[in-house]
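Chain by chain, the residues:
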Amino acid sequence: MGESKTRKKVFKTSSGIEIERTYHGPKDPDEKPGEYPFTRGVQKEMYRTRLWTMRQYAGFSTAVESNKRYHYLLKNGTTGLSVAFDLPTQMGYDSDHDLAEGEVGKSGVAIDSLRDMEILFDGIDLRKITTSMTINSTAVILLCMYIALAKKQGVDLSKISGTIQNDLLKEYAARGTYIYPPKASMRIITDVFEYCSKEIPKWNTISISGYHIREAGATAVQELAFTLANGKEYVKAAIDKGLDINVFARRLSFFFNSHNNLFEEVAKFRAARRMWAQITKDLGATDPKAQMLRFHSQTGGSTLTAQQPKNNISRVTLQALAAVLGGTQSLHTNGYDEALSLPTEEAARVALRTQQIIAYESGVTDTVDPLAGSHFVETLTNQVEEEAWTYIHKIDAMGGAVAAIEEGYMQKEIANSAYLYQEALESEEEILVGVNKFAVEETEEQEILSVKDSIRKVQIDNINILKEERDDKKVKSSLKAIENAARSNINLVPIILEAVEDYATLGEISDELRNVFGEY
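How each quantity is defined
Residues numbered from 1 in each chain as written. Predicted model: local features only at pLDDT ≥ 70, side-chain atom pairs only at ≥ 80, totals over all residues. Heavy atoms only, no water. Helix = DSSP H or I, 4+ residues; strand = E, 2+ residues; numbered from the N terminus. Buried < 20%, exposed > 50% of the residue type's maximum accessible area, 1.4 Å probe, protein only. Areas by Shrake-Rupley, 256 points an atom, 1.4 Å probe, with all protein chains shown as cover. Lys, Arg positive; Asp, Glu negative; His and termini not counted. Charge placed at Lys NZ, Arg CZ, Asp CG, Glu CD. Pairing = 2+ DSSP bridges. Axes fitted to C-alpha atoms, helices over the stretch in contact; angles between N-to-C directions. Parallel < 35°, antiparallel > 145°, perpendicular 65-115°, else oblique. Contact = heavy atoms within 4.5 Å. Nonpolar A, V, L, I, M, F, W, Y, C, P; charged D, E, K, R; others polar. Right-handed = clockwise from strand over helix to strand, strands pointing away. Patch = residues over 30% accessible without salt bridge, like charges linked within 9 Å, V, L, I, M, F, W, Y side chains within 5 Å. Salt bridge = Lys/Arg side-chain N within 4 Å of Asp/Glu carboxyl O. Expected span 1.5 Å × (residues − 1). Polar contact = N/O pair within 3.5 Å; in protein donor to acceptor, adjacent residues only side chain to side chain. 1 Å grid on protein atoms, 1.4 Å probe; cavity = no way out; pocket = protein on both sides within 12 Å on 5 of 7 lines; lining within 4 Å. Points joined across faces, edges and corners; volume = space filled by probe spheres on them.

Engineer: What's the story with the overall build of the protein chain in this structure? I'm lost.
Structural biologist: Within the protein chain one finds 20 helices and 9 strands. When its C-alpha atoms are laid out on the principal axes, the protein chain stretches across 70 × 60 × 50 Å. Here the protein chain, with 520 residues, has 58% of them falling under the buried criterion. Summing over all exposed atoms, the protein chain offers an accessible surface of approximately 21,500 Å²; the carbon and sulfur share of this is 50%. Of the charged side chains in the protein chain, 60 are positive and 74 negative; the average position of the first set lies 7 Å away from that of the second.

Printed below as a string of structure tokens:
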């Protein structure tokens, strides 16, 4: 992840003082960046030679409209794409399904078939970008569409890189866009692990996500603990399937939230790397790359306010700085208007410029782990880690993350934290600038990006044209193959890929799996 172009070789302050790669005091922990347990970072040089990937989460309306936004972002310096999908796509429904009414293209782009994916990336060379797709229940289908598109572009599949979120455990615990029962979902996830390790080795097969756990109301410690507990469950499931931890664990990535308390967030990121290194080592990983916690981060959507929305620029800047000081590999910064609507082009540009200013003007990238050695940061890192281990030990005693979710443990802990925070806001124990303190009468009219309901008809028309033009006999055969594979132990990915290439729709493929696995 990140820019491969080497930046300046000699690093100096504005006064000409030379900056060393790392700083290490006599009483600091004897830990080095790029080495186990990776507290100080997963690369030896970190941002001195390679910046994080600057992503902007984008997708709305139709593939045509989203494609325009992607070209705009790439022109303005985005170094990786991050795709937002609409709710029907996330839930495995085509745009013509009754349950899709009112939701098509609203929270992201509508993708019904490979044809939409071809339009979405029109004019974008998959060899030259990395793509992150925030998709879970239908992740395997969207991944197959991306693979099919790469094949159409003539791209060597061993060279494409990116990430699918593919994290269902956090959906059960905090977000709700699940389709199948946990056991079936885990089967699909481990099928993806197995397929990608052989066919697309540079692809991150899962983004184990604390982001939505935090958005649901969890504390920083809970976000860390529940995310790592989920990650541990995925690793154990893959090992049980017979996969080699030293192979598949190299392609696991994480997705964390970055909130306003700068020092706590930095401590959380540093503790996460150290804890994951220990967890994977305990589970049998001996390859350092299988012990590394690499993560994408996004600034806190739930911290944004509809009141005085320009204040959100300052919030996002603090949060982005925390992610960088904490050693992120990839970062998305929210638009200041996202408490009101999908981000406008101006808001997306400001968000991207925020990352670029931190990268090129602040100086914080010139030395590795710049807050290391601070008595406060080192102590806080240890304390965050200790409290997170307490949660993980409780979850282990319950039988693991799946059992803890089925018992409602994670959900209850998150709900309690959300309640306590709301109480603190109402009593003004916690201050939210512009909301419960320093409020003003709003006079400025804010530009809002809206998606028209009429785009559903556009999508339905496209589906009807597709079904008239495709080979129905091939589609029926490939859908039947999915049903047969789902009832057996055959890896589902190549079977779904064939159906995608025959232009079976996302809804048709999801329905075949629903018929076998049921709905949760």
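Engineer: What is the right way to read the sheet that holds strand β7 (residues 252–258) from this model?
Structural biologist: Read from one edge of the open sheet, 9 strands run β5-β4-β3-β2-β1-β9-β8-β7-β6, paired in parallel fashion. Strand pairing shows two members of the sheet lacking a second neighbour, β5 (203–204) and β6 (206–209), which therefore form its edges. Summarising the sheet, strand β8 (residues 295–299) and strand β9 (residues 330–332) pair through 3 bridges and their orientation is parallel. Following the sheet pairing, S297 is matched in β9 by L331.

Engineer: Help me understand the packing of helix α6 (residues 182–199) against helix α8 (residues 220–240) in this model?
Structural biologist: To describe two helices that pack against each other, one gives the angle between their axes and the distance between the axes. Viewed as axis vectors pointing N to C, α6 and α8 meet at an angle of 70 degrees, and their least axial separation amounts to 10 Å. In terms of axis orientation, α6 runs roughly perpendicular to α8. For the pair formed by α6 and α8, the contact residues are M186, I189, T190 and F193 on the first element and E233, Y234, A237 and A238 on the second. When its residues are assigned to classes, the contact of α6 with α8 shows 6 nonpolar, 1 polar and 1 charged.

Engineer: Help me understand the pairing of strand β3 (residues 130–134) in this model?
Structural biologist: For a regular strand, side-chain orientation follows a simple rule: the groups alternate between the two sheet faces. Counting buried positions along β3 yields 5 of 5 residues, so the element is predominantly enclosed. Where burial is concerned, the two faces of β3 agree: the one with T130, S132 and T134 and the one with T131 and M133 are both buried. Strand direction decides the pairing type here: strand β2 (residues 80–84) and β3, joined by 4 bridges, are parallel. Along β3, the bridge assignment pairs A84 with T134. Note: β3 against strand β4 (residues 161–164), 4 bridges, orientation parallel. Bridge pairing in β4 places T130 opposite S161. Handedness of the β3-helix α4 (residues 139–152)-β4 crossover: right-handed.

Engineer: Could you clarify how one ought to interpret the environment of A439 in this entry?
Structural biologist: Following the sequence through the fold, A439 ends up in the loop between α16 (409–426) and α17 (455–469). The spatial distance from the C-alpha of A439 to the C-alpha of N261 is 21 Å, given a sequence separation of 178 residues.

Engineer: Could you clarify how one ought to interpret unusual backbone geometry in this entry?
Structural biologist: Phi is mostly negative for residues that are not glycine, and the peptide bonds are mostly trans. Each neighbour pair has its own omega, and for Y36 with P37 the value is 5 degrees, a cis peptide bond. Relative to the assigned elements, P37 resides in the segment before β1 (53–58). Despite not being glycine, N166 shows a phi value in the positive range, around 55 degrees. The topology assignment puts N166 in the loop between β4 and α5 (169–175). Despite not being glycine, E428 has its phi angle at roughly 65 degrees, a positive value. Looking at the element boundaries, E428 is found in the loop between α16 and α17.

Engineer: Looking at this structure, how should I read a nonpolar patch on the surface?
Structural biologist: Judged by side-chain polarity, I431, V433 and F438 come together as a nonpolar surface patch covering roughly 270 Å² of accessible area. Tracing the chain through its elements places I431 in the loop between α16 and α17.

Engineer: How should helix α10 (residues 262–282) be read in this particular structure?
Structural biologist: For the α-helix, the turn length of 3.6 residues means that residues three or four positions removed from each other point alike. Taking 1.5 Å of rise per residue, the 21 residues of α10 would be expected to cover 30 Å, and the 31 Å separating its terminal C-alpha atoms lies within 8% of that figure. Of all 21 residues making up α10, 16 are buried, and the element is well covered by its neighbours. One or two residues past the end of α10 sits G284, with phi positive at roughly 110 degrees.

Engineer: Hey, could you run me through the pairing of β8 in this one?
Structural biologist: With 5 of 5 residues buried, β8 lies mostly within the body of the structure. Strand direction decides the pairing type here: β7 and β8, joined by 5 bridges, are parallel. In the strand pairing of β8, F255 is matched with H296. In this view, the connection linking β8 to its parallel neighbour β9 by way of helix α12 (residues 311–325) has right-handed handedness.

Engineer: I'm lost on the side chain of S185 in this one. Help?
Structural biologist: Position of S185 relative to the elements: it lies in helix α6. Among the polar contacts listed, one links the side chain of S185 to the side chain of Y172, at a separation of 2.9 Å. Beyond its immediate stretch of four places on either side in the chain, S185 contacts L168, Y172 and Y180.

Engineer: Just to check I follow, could you spell out the environment of Q43 for this structure?
Structural biologist: Along the chain, the position of Q43 falls in the segment before β1. Residue classification places Q43 among the partly exposed positions, given a relative accessible area of 31%. Along the chain, Q43 and K32 lie 11 residues apart, while their C-alpha atoms are 9.6 Å from each other.

Engineer: Is there a simple way to explain empty space enclosed by the protein in this structure?
Structural biologist: Rolled over the atoms, a probe sized like a water molecule indicates the empty space that remains. According to the stated counting rule, one finds 7 cavities of 30 Å³ or more in the structure shown. In this structure, the largest cavity encloses a volume near 120 Å³. Of all elements in the fold, only β1, β3, β8 and β9 reach the threshold of two or more residues within the lining of the largest cavity. Per element, the largest residue contribution to the lining of the largest cavity is 3 residues, and it comes from β3. In this structure, the second largest cavity occupies an estimated 90 Å³ of space. Lining the second largest cavity are 14 residues, with V324, L325, G327, D369 and P370 sitting closest to its centre. Classifying every residue of the lining of the second largest cavity by side-chain character gives 7 nonpolar, 4 polar and 3 charged.

Scope: geometric values only; no functional claims are made or implied.
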